[in-house]
Amino acid sequence: MRILGISGSLRAASYNTALLRAAAALAPEGVEFELLEGLELLPPYNEDLDTEHLHAEVVRLRDAITSADAVLFSTPEFNGTMPGQMKQVVDWGSRPHGAQSALWGKPVAVIGASVTDYGAIWAQDHLRKSLGLAGARVLGDELAVAKAPEHFDADGELSDPSTRERLAEVLGSLAQQLTLAA
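Here is a short report on the structure shown in this document. (Residues numbered from 1 in each chain as written. Predicted model: local features only at pLDDT ≥ 70, side-chain atom pairs only at ≥ 80, totals over all residues. Heavy atoms only, no water.)

As for a nonpolar patch on the surface
There is a patch of nonpolar side chains on the surface, built from Tyr118, Ile121 and Trp122 and spanning about 320 Å² of accessible area. You can see Tyr118 is positioned in the loop between β4 (107–113) and α4 (121–133). Judged by relative accessible area, which is 46%, Tyr118 ranks as partly exposed. (Patch = residues over 30% accessible without salt bridge, like charges linked within 9 Å, V, L, I, M, F, W, Y side chains within 5 Å. Areas by Shrake-Rupley, 256 points an atom, 1.4 Å probe, with all protein chains shown as cover. Salt bridge = Lys/Arg side-chain N within 4 Å of Asp/Glu carboxyl O. Helix = DSSP H or I, 4+ residues; strand = E, 2+ residues; numbered from the N terminus. Buried < 20%, exposed > 50% of the residue type's maximum accessible area, 1.4 Å probe, protein only.)

Printed below as a string of structure tokens:
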């Protein structure tokens, strides 16, 4: 089984990317975890450019989603919602509409970290809604890491035991969905 991790944060010291790196380390036995890099290269969605001559980064994104058995999204919260780059992933991944899209029927889970008291819960809610509308099979499991600096050490490693345990549970639920679908 292969899970693709996609972080909506582009910054080098991102708590959301660190959360996905922790997920890679906590992945259940038999689960390969891959982190999608280079999201900043993905162009904004433009239907005029959604042709047979797609931008190379769009092809790479769609191929990565299609070849994964499931996707784990980790989103920060910008002004009460998901960042634009994360929305681009959903928009490009949901085309062409319907069963031919990369996200159609794909098991996905959404987690997030934020420096605020809320742990990116609004962004996670908006992302889950967008993914559901795109046809993905969205797991109800949640992980909102509030006051993120308190959960990571100076090297950016997830150091909070209860957060690590909860992250492992989300991964377990995602892996279980894959087992049930097989």
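The rest of the description comes next.
Focus on the pairing of β4
Counting buried residues along β4, seven of its seven residues qualify, which places the element largely inside the surrounding structure. Every second residue of β4 is oriented toward a common face, with Pro107, Ala109, Ile111 and Ala113 on one face and Val108, Val110 and Gly112 on the other, all of them buried. Pairing of strand β3 (residues 70–74) with β4, which is carried by four bridges, proceeds in the parallel orientation. For Val71, the partnering residue across the bridge sits in β4 and is Val108. Running through helix α3 (residues 84–93), the crossover from β3 to the neighbouring parallel element β4 is right-handed. (Pairing = 2+ DSSP bridges. Right-handed = clockwise from strand over helix to strand, strands pointing away.)

Some thoughts on α4
With 13 residues, α4 extends 18 Å between its outermost C-alpha atoms, agreeing within 8% with the 18 Å of an ideal straight helix rising 1.5 Å per residue. Listed in full, the buried residues belonging to α4 are Ala123, Gln124, Leu127, Arg128, Ser130 and Leu131. Around the axis of α4, the buried residues are gathered within 165° of arc, so they sit on the same side. Within α4, the exposed residues directed more than 90 degrees away from the buried face are Lys129 and Leu133. Looking at the buried side of α4, the elements it contacts are β3, α3, β4, β5 (137–138) and β6 (144–145). Once α4 ends, the next one or two residues include Gly135, with phi positive near 100°. (Expected span 1.5 Å × (residues − 1). Arc of directions from axis to C-beta. Contact = heavy atoms within 4.5 Å.)

So, the side chain of Arg62
Structurally, the position occupied by Arg62 is in helix α2 (residues 56–67). For Arg62, the side chain forms a polar contact with the main-chain oxygen of Trp92, separated by 2.9 Å. Other than its neighbours up to four places away in sequence, Arg62 contacts Asp50, Leu54, Trp92, Arg95 and Ala102. (Polar contact = N/O pair within 3.5 Å; in protein donor to acceptor, adjacent residues only side chain to side chain.)

Observations regarding the pattern of salt bridges
Evaluation of the coordinates by the stated rule reveals eight salt bridges. Arg60 serves as the salt-bridge partner of Glu57, at 2.8 Å between the closest nitrogen and oxygen. Here Glu57 pairs with Arg60, and both are found in helix α2, just three residues apart, close to one helical turn. Assessed through its relative accessible area of 34%, Arg60 is described here as partly exposed. The shortest N-O distance in the salt bridge between Asp91 and Lys87 comes to 2.6 Å. Placement of the pair is Asp91 and Lys87 together in helix α3, with a separation of four residues, close to one helical turn.

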